[in-house]
Amino acid sequence: MIARITNFANREDKVIGFDARGVNLITLDKIERNENYVSLYSKENLEDLLSEFYLLLEKYPDALSDEIILKRYEKLKKYAKENNVSIANCYSYCDRKRIDYNQSYTCGIRLIPDDTNTTAIQIIKYDYFDNGFIYSKEQLNLALNYGKLYYNSLIMCDDCCMEILDRAALTYLEPKILTKHLQK
């Protein structure tokens, strides 16, 4: 994980072409009625995104301090303004890894504070082939409120469908990573 502003607009442009007609909202009620309702990849994707967040906290232990969040956010706003891009495509931290000989992923983390002492944390990951074809996108949304982290949602999409897990469904999955930091 590197503290470097990254613009993912070109990656997001490729994702826009995904056919998201199959949108599936996964709630705790649906999971409890059918334990197999959640795809096998939901928990893996959640743990992958949380491990990226854990890497951020390991490398930058003060990343969640109010002062650092505000400082990084101001830099992010300045970058977006100077480069005439949307802040929605910009991230304060990034990571790139090769999965195998022809697959890689890029991850970005953005922290956006608001006036209610809550910080929205978005962790996004694009999986792609070396030819640049993006085959999936995952986005974990967390909230930091008075020093405590909470789940908001997990969005997973590929070229044919999208799954959205709400807060209760994510808590139910009980990931092995960062559970000590997340409030139920």
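Structural notes, computed from the coordinates.

The rules behind the values
Residues numbered from 1 in each chain as written. Predicted model: local features only at pLDDT ≥ 70, side-chain atom pairs only at ≥ 80, totals over all residues. Heavy atoms only, no water. Helix = DSSP H or I, 4+ residues; strand = E, 2+ residues; numbered from the N terminus. Expected span 1.5 Å × (residues − 1). Buried < 20%, exposed > 50% of the residue type's maximum accessible area, 1.4 Å probe, protein only. Arc of directions from axis to C-beta. Contact = heavy atoms within 4.5 Å. Core = buried A, V, L, I, M, F, W, Y, C linked by side-chain atoms within 4.5 Å. Salt bridge = Lys/Arg side-chain N within 4 Å of Asp/Glu carboxyl O. Phe/Tyr/Trp six-rings, centres within 6.5 Å; stacked < 30°, edge-to-face > 60°. Lys NZ or Arg CZ within 6 Å of the ring centre and 35° of its normal. Disulfide = S-S within 2.5 Å. Polar contact = N/O pair within 3.5 Å; in protein donor to acceptor, adjacent residues only side chain to side chain. Pairing = 2+ DSSP bridges.

### Quick notes on helix α4 (residues 66–82)
Piece 1. Helix length check: α4 (17 residues) gives 24 Å between terminal C-alpha atoms against 24 Å at 1.5 Å per residue, within 8%.
Piece 2. Where α4 is concerned, the buried positions are I68, I69, R72, Y73, L76 and A80. Angularly, the buried residues of α4 cover 125 degrees about the axis, an arc narrow enough to put them on a single face. α4 presents E67, K78, K81 and E82 as exposed residues on the side facing more than 90 degrees away from its buried surface.
Piece 3. Where α4 is buried, its residues contact β3 (90–91), β4 (93–98), β5 (103–113), β6 (118–129) and β7 (134–145).
Piece 4. Looking one or two residues past α4, N84 carries a phi angle of roughly 50 degrees, positive in sign.

### Notes on the nonpolar core
Piece 1. Ranked by size, the top nonpolar core spans 29 residues in total, and within it F53, I109, I121, I123 and L140 carry the most contacts.
Piece 2. Put simply, the parts of the chain that give this core at least two residues each are α3 (40–59), α4, β5, β6, β7, β8 (148–158) and α5 (167–173).
Piece 3. A total of six residues in this core trace back to one element, the largest contributor, which is α3.
Piece 4. When neighbours within four sequence positions are excluded, L140 is seen to be in contact with L46, L49, L50, I121, Q122, I123, Y151, S153, L154 and L170.
Piece 5. Y91, I124, Y126 and I134 belong to the second largest nonpolar core, which has six residues in total.

### Examining the pattern of salt bridges
Piece 1. Across all of its chains, the model carries seven salt bridges by this definition.
Piece 2. Between K125 and D48 there is a salt bridge, and its shortest N-O distance comes to 3.5 Å. With a gap of 77 residues between them, K125 in strand β6 and D48 in helix α3 connect regions that are remote in the sequence.

### Description of the packing of aromatic side chains
The description of two aromatic rings rests on the distance between their centres and on the angle between their planes.
Piece 1. With the rule as written, the count across this model stands at two aromatic pairs.
Piece 2. On the numbers, 5.6 Å between centres and 45 degrees between planes, the contact of Y60 with Y93 is tilted. Of the two residues, Y60 sits in the loop between α3 and α4 while Y93 sits in strand β4, which places them 33 residues apart along the sequence.
Piece 3. Taking the centre distance of 4.8 Å and the plane angle of 35 degrees together, the rings of F129 and Y135 count as tilted.
Piece 4. Note on F129: relative accessible area 24%, which makes it partly exposed.
Piece 5. Above the plane of the ring of Y93 lies R72, whose end atom (NZ or CZ) is 5.0 Å from the centre.

### Brief notes about the state of the cysteines
Piece 1. Under the criterion given, the structure shown has zero disulfides.
Piece 2. In this structure C94 is not part of a disulfide, and its nearest cysteine sulfur, from C107, lies 8.9 Å away.

### Brief notes about the environment of D114
Piece 1. As for its position among the elements, D114 is in the loop between β5 and β6.
Piece 2. The spacing of D114 and L70 is 44 residues in sequence and 9.8 Å in space, taken between C-alpha atoms.
Piece 3. Of the polar contacts made by the side chain of D114, one reaches the side chain of T116; its length is 2.8 Å.

### A look at the pairing of β5
Piece 1. β5 sits mainly inside the fold: ten of its eleven residues count as buried.
Piece 2. Sheet topology places β4 next to β5; six bridges connect them, and they run antiparallel. Across the sheet, R98 pairs through a bridge with S104, a residue of β5.
Piece 3. The hairpin formed by β4 and β5 contains four residues between the paired strands.

### Overview of the pairing of strand β9 (residues 161–166)
Piece 1. Here five bridges tie β8 to β9, and the two strands are oriented antiparallel to one another. Within the sheet, the bridge partner assigned to S153 lies in β9 and is D166.
Piece 2. Taking the residues between adjacent antiparallel strands as the criterion, β8 and β9 are bridged by two residues.

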